[in-house]
Amino acid sequence: MNLIFTLVRHLHTNTVALMTTMWVCYNVRLVDGSSHCSGRVEVLHRGQWGTVCDDDWDMRDAAVVCRELGCGEAVDVLGNSHFGPGSGPIWMDDIDCSGSESTLKNCRSAGWGKHNCNQTKNAGVICSGVRLVGAPRCTGRVEVLHRKTWATVCHSDFDQKDAEVVCRELGCGPPMEVLGTASFGRGEGQVWSEELQCTGNESQFHLCPSSSTLKHNSFHEHGVALVYSVRLMDGGGRCSGTVEVLHRGQWGTVCDDDWDMRDAAVVCRELGCGEPVDVLGNSHFGPGSGTIWMDDVDCTGSESTLKNCTSAGWGKHDCNQTKNAGVICSGSTEFSLFFYANTLGVRLVGGPRCSGRVEVLHRGQWGTVCDDDWDMRDAAVVCRELGCGEAVDVLGKAHFGPGSGPIWMNEVACSGSESTLKNCGSSGRVSDCHHAGVICSGVRLVGGPHCSGRVEVLHGKAWTTVCDADFDQKDAEVVCRELGCGPPVEVLGAAAFGRGEGQVWTEELQCRGNESDIFSCPTISAVKHDCSHDSDVGLVCAGSVRLVDGGSRCAGRVEVLHRGQWGAVCVFGISTIAAVVVCRELGCGEFLSINAGYIPGSGPIWMSHVDCSGTESTVKHCGSLGWGEHSCLHYYDAELICSGHKMPRLTDGPHLCSGRVEVLHGNTLATVCDADFDQQDAEVVCRELGCGHPMKVLGAAAFGRGEGQVWTEELQCRGNESEISLCPTSSVKQNCHTAVRLLNGWDYCSGRVELLYLSDWGSVCGASWDMKAASVLCGQLKCGSAVALLAADWFGEGSGHIWADVFDCHGNETHLSECPISSWSRAACSHKQAAGVICNGDDVLHAKISSSQAFHEGQVRLSGGRECEGQVEVYFSQDWRRVLLDSWSVPEASVVCRQLGCGSVLNFSSSSPSSPDQHSHICVTGFNCSGSEAHLGNCSSANLLNLSCSSMEQLSITCSAHSSIRLVGSGGDCAGRLEVFLSGSWGTVCDDSWDIEDAQVVCRQLQCGVALSAHVPAWFGPGTGPIWLNEVQCEGNETSLWNCRYQSGGKHDCRHKEDVGVVLTKQLSAYFLSPEFKEIRLTEGCSGRLEVYHNAAWGSICDDQWDIRDAEVVCRQLGCGKALSANGSAAFGAGEGAIWLNRVECRGDEIHLWDCSYSLKNHTDCSHKEDAGIICAG
């Protein structure tokens, strides 16, 4: 502990204020240094100070220590017991801090007391109580750490000797200049009230004499400029050269092992030299001399100085002076386009504007890129990096002429989102290959699907819109051609695709229409129109992707337009994501299927092995082997069907142009209801089929009844569409069924469901029928609401047709004809699956059975030979019938156990039917129990029977009156080896997958508090007999172990030495605490004063060392979410009675408070004014 006595002199009044004495407790300290801010690092753990091993000890670790101690910035890290060997335990080794931790104990390490170290390798730190602010490192306003507050220094109190000490302490070079008059901005807070009187040879400024007399009425007006601790040498300027760092007063080089752009970025930023252009190795700027200070440098890129990056350690390397690292920085943030390209390290050569052979700058030399795997994603990165708009085309085979010099990159693999080509993956330098090229576009279409949108032109580095008065059909032809789209379809004015932003282009295009790009078109620079964004021009080009020979625009062979020619796409290597991109690009809905060429194409095969991420606006932007690169025949052309595929046909007529209308939608063929078809729809069907004009539209199955589905959509064609896939549709339609009846039941309101379709009656498939549809039917027949759905064996199988339409009723319709029909997932159905319904408007039914009353009278039982365990049976229609598993959950099962006087539910599961008599198996649904009801009849029970069971698994329940788990071997009920009762005998549980959530469920079921830990191996000895359970997987909130997932039946590879043992908090005192410490609480729910129950009395906790990590554990233990604050000083009022705990010290990841370090006794050394409190998020 450090005793701090604070004396503050106020600047303007010269009064002296005395602050109270306070003790500040730290978990880390620096020992045997020149001050409390330098020395050997020691940490406090379990009440004992111990040292830290110097393995992997670096500046990020040191920064955490210095910040934790309020000692300013880390200046140096030292190893090999620089401050002398320590004694006692070595608490930490292999420390790995991110640098943002609030305490060293929060950093990753090998674990408390785990090390391969000795006291000759203690870690040390030198922190600085001075800093420079407002400029790059080693330059800025001087600030001094004074009583945990940074204070500025008056310029009249600071001279060259003081500057030499500050520069030395910060690890910088000698001072270059001392500047006054707030050269680096005015500071905030206090101005230091003392005058430094350094001799100039001190190692730290606090060793300098000072005068406490306030001599000047000074304000925030002082800064000092110093040299950097990193420099670039022999590169012809301060922003390029060999990297050198200053350490302990000596300059040394950096090894090029793992040296990359992130490391270079830190150097360039530290020197104020802009962005990194290139990283170089092998002593590119000449070999260095002297010490090699750093190797294996690994920066995140966000560090303020290279010295804060991770490395092998000062002076540790396996390098020599022929492998020095070098950097070229941009040195400026203002570039011309040419210099911008050079700075970014990529350029296009040999083509017109924004097109050409790709070349990259590496180690000061331009080289080419190999065209292997070169695709549109790679090209997109180049175009974006150069500010050249969108990628239009990729070219290989040295299309723009062969380059010279090295080939720097091969097999480039960009994701498309990289900011620079050099960030893409590649296989590195090769000796020979074809060179890659790119064509970028300085025009784009925004706000519409691919090949349509608002026209924008790249002017300088900004996108500008185009005035609709300055744009005509010939301009449109050039734009569509440049973008690789089809010919223009429509030019739209008046901001048809929305208003743009920024400038409106001030030039008027005067294209002839045959140019390859708009920058080849003549322009007039005079502004002729007063144009605003309300007049932005839009353009619709024909698409560059299509599906052909599939019957509609949403099905068929995939073809792409490239260099003015349509070509196929090979199915080899194509991904389903690519198919999704095509369907989306064409506005054809979802992807349904992909196949190889049923109808082979002709001409080129443009793409193969297409690989999309799914975000592309066109499949042409996806990765591939390259344009025209493939090993494919047209028999393997890719063919797609999208969900928007709709193709009509006419069947069963006297010739091809007459018959029953049927529509192929996706992969499904369906007839069309006559109520949903009119003359305009007929116009489109005849046109699409090449059959001229419609002569007559006939209804009532004039060409015979179709089979299968009736189409669920209503066509709403205008009559001028070229195909029905272009017609709007309504997904909610009137269905074609005209009447309904119930047959073979007890009366009019019960029986088998039959529907009249046109002139034919037929049964309804039970798989297509639910309670909502049944309720609508009952209402339509004036029979009240539906009580039950039953199988065909209740009311007979029927004969004739069976309708498989799936009625999507909401339940509030008055007639079945008002319900939409969804037929896409229809399955084959037989008369054995015909649906039956019982409506509650049937008086005869009430006389014969009342399923609701049956439950109200307690008509439920468990069969199987045990009173409180077995298969659930209900009394229905004068017979006991077993219940299937569908739709039951824990609350319903709990009510059954309570109703039968069998306690609470332990388990509900499925079992195979014991009888082939399916008539006795029914599905009980509609119950919505909270779990607290005394009787199933008190639950919401809209319907009791449901024909549509998804399985034939019967429901079995085990209630708590049937004892099923125990803990043995400890002499108590709440600790021991876990055993379960199955198949008439007790057996153990294997520890495979066993964790704390499983243990918590056991605690809850046995009412033994909470689990101390997940598993206590071998404490209670191995069991005997069967190992009943394995791979137990609980969520942690179950009421019984039987509600969890597990493997049972003795199938495992376990032995009894793997038996699970559990210790619960009710048994805690026998194993861990003496005397017992049982419970905790917060006085206001999930916030308030923290209290613990000990020695039969509640007491509070002292706030000594109380912090947010302790609060996290409490909030977690109480189920109150995340800790928001840890409060002291009786923030929630002073408690009464004993103060049971003090000096609580949690890591923050413990499950219970008692897993932490603490002092448990009646703490008379603490008062209730220091009671600890917490606010949790819950």
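Residues numbered from 1 in each chain as written. Predicted model: local features only at pLDDT ≥ 70, side-chain atom pairs only at ≥ 80, totals over all residues. Heavy atoms only, no water.

Some points on unusual backbone geometry
The phi dihedral of Glu411 is positive, around 50 degrees, even though this residue is not glycine. Here Glu411 lies in the loop between strand S28 (407-409) and strand S29 (437-441). A relative accessible area of 39% places Glu411 in the partly exposed class. (Helix = DSSP H or I, 4+ residues; strand = E, 2+ residues; numbered from the N terminus. Buried < 20%, exposed > 50% of the residue type's maximum accessible area, 1.4 Å probe, protein only.)

Quick notes on the confidence of the model for the protein
Mean pLDDT for the protein: 76, with 78% of residues reaching 70 or above. Counting contacts from residues 1-24, a segment whose pLDDT is below 50, to residues more than four positions away or on other chains yields 40 contacts. Overall, residues 941-948 carries pLDDT values under 50, and its contacts beyond four positions in sequence, including any with other chains, amount to 38 contacts. (pLDDT = per-residue confidence, 0-100. Contact = heavy atoms within 4.5 Å.)

Here's the deal with the sheet that holds strand S45 (residues 668-671)
Pairing is mixed in the open sheet, where four strands are placed in the order S43-S44-S45-S46. The outermost strands of the open sheet, each flanked by one partner alone, are strand S43 (646-652) and strand S46 (709-710). Where S43 and strand S44 (residues 659-665) come together, seven bridges link them in antiparallel fashion. The partner of Met647 across the bridge, within S44, is Leu664. (Pairing = 2+ DSSP bridges.)

Digging into empty space enclosed by the protein
If a probe the size of a water molecule is rolled over the atoms, the empty space left behind becomes visible. Scanning all chains against the criterion turns up two cavities of 30 Å³ or more. There is about 30 Å³ of room inside the second largest cavity. Looking at the second largest cavity, the residues that line it are Asp375, Met376, Val394, Met607, Lys620, Cys622, Ser624, Gly626 and Trp627. Classifying every residue of the lining of the second largest cavity by side-chain character gives five nonpolar, two polar and two charged. (1 Å grid on protein atoms, 1.4 Å probe; cavity = no way out; pocket = protein on both sides within 12 Å on 5 of 7 lines; lining within 4 Å. Points joined across faces, edges and corners; volume = space filled by probe spheres on them. Nonpolar A, V, L, I, M, F, W, Y, C, P; charged D, E, K, R; others polar.)

Section: a nonpolar patch on the surface
Judged by side-chain polarity, Leu633, Tyr635 and Tyr636 come together as a nonpolar surface patch covering roughly 360 Å² of accessible area. Overall, Leu633 belongs to the exposed group, its relative accessible area being 53%. (Patch = residues over 30% accessible without salt bridge, like charges linked within 9 Å, V, L, I, M, F, W, Y side chains within 5 Å. Areas by Shrake-Rupley, 256 points an atom, 1.4 Å probe, with all protein chains shown as cover. Salt bridge = Lys/Arg side-chain N within 4 Å of Asp/Glu carboxyl O.)

Regarding the state of the cysteines
As used in these notes, a disulfide is a covalent bond between sulfur atoms, one from each of two cysteines. One pass over the full model with this rule turns up 27 disulfides. Disulfide pairing is shown between Cys778 and Cys839; the S-S distance is 2.0 Å. The chirality of the disulfide connecting Cys778 with Cys839 is left-handed, given an S-S dihedral of about -80 degrees. Remark: Cys839 occurs in strand S54 (residues 836-839) and Cys778 occurs in helix H9 (residues 771-780); sequence separation between them is 61 residues. Given the relative accessible area of 0%, Cys778 is considered buried. Taking relative accessible area as the criterion, Cys839 reaches 0% and is therefore assigned buried. This cysteine, Cys686, is not joined by any disulfide, and Cys691 carries the nearest cysteine sulfur, 6.2 Å off. For Cys686, a relative accessible area of 12% corresponds to the buried category. (Disulfide = S-S within 2.5 Å.)

Some remarks on the environment of Glu482
Topologically, Glu482 is positioned in helix H6 (residues 473-482). According to the relative accessible area criterion, Glu482 is buried, its value standing at 6%. When the C-alpha positions of Glu482 and Ile439 are compared, they lie 9.4 Å apart, and in sequence the two are 43 residues distant. Aside from chain neighbours lying at most four places away, what touches Glu482 is Val392, Cys440, Ser441, Gly442, Val443, Ser516, Asp517 and Ile518. A polar side-chain atom of Glu482 sits 3.2 Å from a polar atom in the side chain of Ser441. (Polar contact = N/O pair within 3.5 Å; in protein donor to acceptor, adjacent residues only side chain to side chain.)

Digging into the pattern of salt bridges
Applying the stated criterion to the full structure yields 34 salt bridges. Notably, a salt bridge pairs Lys121 with Asp55, separated by 2.7 Å at the nearest N-O pair. Taken as a pair, Lys121 in the loop between strand S9 (90-92) and strand S10 (124-128) and Asp55 in the loop between strand S7 (48-52) and helix H1 (59-68) lie far apart in primary sequence, 66 residues in all. Judged by relative accessible area, Asp55 falls into the buried class, the value being 17%. Glu559 serves as the salt-bridge partner of Arg557, at 3.1 Å between the closest nitrogen and oxygen. Owing to a relative accessible area of 5%, Arg557 belongs among the buried residues under this scheme. Among the ionic contacts, a cluster of salt bridges with common partners joins Arg29, Asp32, Arg40 and Glu42.

Re the side chain of Glu662
By the secondary structure assignment, Glu662 is in strand S44. Within polar-contact distance, the side chain of Glu662 engages the side chain of Arg660 at 3.2 Å. Residues contacting Glu662, with those up to four places away along its chain left out, are Met647, Pro648, Arg649, Thr651, Leu669, Ala670 and Thr671.

Some remarks on the side chain of Arg141
Inspection of the secondary structure puts Arg141 in strand S12 (residues 139-146). Among the polar contacts made by the side chain of Arg141, one reaches the side chain of Glu143 at a distance of 3.1 Å.

Some points on the pairing of strand S26 (residues 365-369)
Where burial is concerned, most of S26 is hidden: four out of the five residues are buried. Where strand S25 (residues 355-362) lies against S26, four bridges are found, and the strand directions are antiparallel. Looking at the pairing, Glu359 lines up with Thr368 of S26. For S26 and S28, the ladder comprises two bridges, and the chain directions are parallel. Each residue of the ladder has a partner; that of Val369, found in S28, is Met409.

Notes on the packing of aromatic side chains
Summed over all chains, the structure comprises three aromatic pairs. Judged by centre distance (4.9 Å) and plane angle (40 degrees), the rings of Phe572 and Tyr636 are tilted. In this pair, Phe572 is assigned in the loop between strand S39 (565-569) and helix H7 (576-585) and Tyr636 in the loop between strand S41 (605-607) and strand S42 (638-642), connecting sequence segments 64 residues apart. Using a relative accessible area of 29% as the deciding quantity, one classes Phe572 as partly exposed. Taking relative accessible area as the criterion, Tyr636 reaches 37% and is therefore assigned partly exposed. Residue placement shows Arg741 over the ring face of Trp761; its charged tip is 3.9 Å from the ring centre. One residue, Arg1081, lies across the ring of Trp1098, its end atom 3.8 Å from the ring centre. (Phe/Tyr/Trp six-rings, centres within 6.5 Å; stacked < 30°, edge-to-face > 60°. Lys NZ or Arg CZ within 6 Å of the ring centre and 35° of its normal.)

Let's talk about a negative patch on the surface
A cluster of acidic residues, Asp258, Asp296, Asp298 and Asp318, forms a negative patch at the surface. One can find Asp296 in the loop between strand S22 (291-294) and strand S23 (326-329). (Lys, Arg positive; Asp, Glu negative; His and termini not counted. Charge placed at Lys NZ, Arg CZ, Asp CG, Glu CD.)

Quick look at the environment of Trp463
With respect to the element layout, Trp463 can be found in strand S32 (residues 462-465). The spatial distance from the C-alpha of Trp463 to the C-alpha of Trp505 is 8.8 Å, given a sequence separation of 42 residues. If sequence neighbours within four positions are ignored, Trp463 has contacts with Gly389, Ser441, Gly442, Val443, Arg444, Glu456, Val457, Leu458 and Glu501.

Quick notes on helix H5 (residues 376-385)
In terms of burial, H5 is a largely internal element, eight of the 10 residues being buried. Those residues of H5 not exposed but buried are Met376, Arg377, Asp378, Ala379, Val381, Val382, Cys383 and Glu385. Its side-chain oxygen at 3.1 Å from the backbone nitrogen of Arg377, Asp375 defines the N-terminal cap of H5. One or two residues past the end of H5 sits Gly387, with phi positive at roughly 65 degrees.

Re the pairing of strand S27 (residues 390-395)
With five of six residues buried, S27 is to be regarded as a mostly interior element. With five bridges connecting them, S27 and S29 associate as antiparallel partners. By the bridge assignment for S29, Val394 is matched with Val438.

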